[in-house]
Amino acid sequence: MSSSTQSLQEEIQNEIKAHKILVYSKGTKTEPRCGFTVETMQFFDRYGYPYELVDVLENPEKRQALTEMTNWPTLPKVFINGQFYGDTDILDEMAAKGELEPLLKTTFEKA
Amino acid sequence: MITEEAFNELLKSAFPDADIAIFDKTGAMDHFRLWISSKAFEGKNLIEQHQMVYRALDDAMKDGRIHAVEIKTDIPKN
C-alpha cells in the first residue's frame, strides 16, 4: 500500500529542509541515469557547495507529488534553502544575471 | 511526437499575443528549444514564467508528445 499523498508531502518537506541544495533526480550521484541530472551535478560542482541528490526515477507517486507541488513536469527538480528553482534552465539564467552566487552565499552563511 | 502547428496552438491558446520560435533539437519532434515572448510574463519571475509555459503544454507533456522543452521567455518591449 503506497504511502498516502499526505505522508509523501511530509517526506518531501523534510528532505528539502534537511539539505541546503537538494536535487530530485533520475539516478544517484554515483550512478546518474539522465544527462540533465549529470548537468545539474556539474553545475553545482562549479560552485563548490555541497548538494544532495534524491533519486525518484523508480518512484512514480513521489514524482507525481513533486510535479503537482511545483507545477513543473520534468526532472531534475532543484531546491535551494527549501525554495524551488526549477532546473539548470533557470539556474543558468540566474547565474548569468549574477543572482545565483549571492543566493548560495546567504544560504550557506546562515548555517 | 507533436507537430509544430499543434505545439503552436497549445501556446497560442494560453498566450494569444505571443511571438513564438520552436526549434526541434533532435529531429524526432519531441525535444524542443522554445523562445516565447508575451506580455503575460510581465512582473513574473523566471520560475513563474517557465511554469506558465509548462501549464500551457501540460497535456502534451503528460501524454509524452513532448519529452523536454528548453524554454527562453521574453517580454515584448513595445
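Structural data are supplied above this passage.
Residues numbered from 1 in each chain as written. Chains lettered and ligands numbered in written order. Predicted model: local features only at pLDDT ≥ 70, side-chain atom pairs only at ≥ 80, totals over all residues. Heavy atoms only, no water.

Here we look at unusual backbone geometry
Link 1 in the chain: The omega torsion across A:Leu75 and A:Pro76 is 0°, close enough to zero to call that bond cis.
Link 2 in the chain: Along the chain, the position of A:Pro76 falls in the loop between helix H3 (60-70) and strand E3 (77-80).
Link 3 in the chain: The phi angle at A:Asn71 is positive, at roughly 55°, despite the residue not being glycine.
Link 4 in the chain: Relative to the assigned elements, A:Asn71 resides in the loop between H3 and E3.
Link 5 in the chain: Backbone geometry places B:Met29, a non-glycine residue, at a positive phi of 55°. (Helix = DSSP H or I, 4+ residues; strand = E, 2+ residues; numbered from the N terminus.)

Here's the deal with H3(A)
Link 1 in the chain: Those residues of H3(A) not exposed but buried are A:Lys62, A:Ala65, A:Leu66, A:Thr67 and A:Thr70.
Link 2 in the chain: Among the structural elements, helix H1 (5-18), strand E1 (21-25), strand E2 (52-55), E3 and strand E4 (83-84) of chain A together with helix H2 (46-56) of chain B are those in contact with the buried residues of H3(A).
Link 3 in the chain: With its phi angle positive at about 55°, A:Asn71 sits one or two positions after the end of H3(A). (Buried < 20%, exposed > 50% of the residue type's maximum accessible area, 1.4 Å probe, protein only. Contact = heavy atoms within 4.5 Å.)

Describing the pattern of salt bridges
Link 1 in the chain: Scanning the model with the defined rule gives nine salt bridges over all chains in all.
Link 2 in the chain: A salt bridge links A:Glu15 to A:Lys62, with the nearest nitrogen and oxygen atoms 2.7 Å apart. Here A:Lys62 lies in helix H3 and A:Glu15 lies in helix H1, a separation of 47 residues in the sequence.
Link 3 in the chain: Taking the relative accessible area as the measure of exposure, A:Glu15 reaches 17% and is therefore buried.
Link 4 in the chain: Measuring nitrogen to oxygen at the nearest pair gives 2.9 Å for the salt bridge that ties B:Asp63 to B:Arg65.
Link 5 in the chain: By relative accessible area, B:Asp63 is classed as partly exposed at 48%.
Link 6 in the chain: Judged by its relative accessible area of 30%, B:Arg65 falls in the partly exposed class.
Link 7 in the chain: The structure contains a network of salt bridges with shared partners spanning A:Glu11, A:Glu15 and A:Lys62. (Salt bridge = Lys/Arg side-chain N within 4 Å of Asp/Glu carboxyl O.)

Quick notes on the packing of aromatic side chains
Residues and elements named next belong to chain A.
Link 1 in the chain: Throughout the structure, instances matching the rule amount to ten aromatic pairs over all chains.
Link 2 in the chain: Aromatic pair Tyr24 and Phe79: ring centres 5.8 Å apart, planes at 85°, arrangement edge-to-face. Taken as a pair, Tyr24 in strand E1 and Phe79 in strand E3 lie far apart in primary sequence, 55 residues in all.
Link 3 in the chain: Aromatic pair Trp72 and Phe84: ring centres 5.6 Å apart, planes at 75°, arrangement edge-to-face. Of this pair, Trp72 sits in the loop between H3 and E3 while Phe84 sits in strand E4, and the two are twelve residues apart along the sequence. The pair formed by Trp72 and Phe84 is uniform in burial state, with each residue classed as buried. (Phe/Tyr/Trp six-rings, centres within 6.5 Å; stacked < 30°, edge-to-face > 60°.)

Here's the deal with the environment of B:Ile2
Residue and element names in this part refer to chain B.
Link 1 in the chain: Looking at where Ile2 falls in the secondary structure, it is placed in the segment before helix H1 (4-14).
Link 2 in the chain: Separated by 63 residues in sequence, Ile2 and Arg65 have C-alpha atoms that sit 5.4 Å apart.
Link 3 in the chain: In contact with Ile2, not counting residues within four places along its chain, are Phe7, Leu10, Met29, Phe32, Ala60, Arg65 and Ile66.

Distances and angles like these do not, on their own, reveal function.
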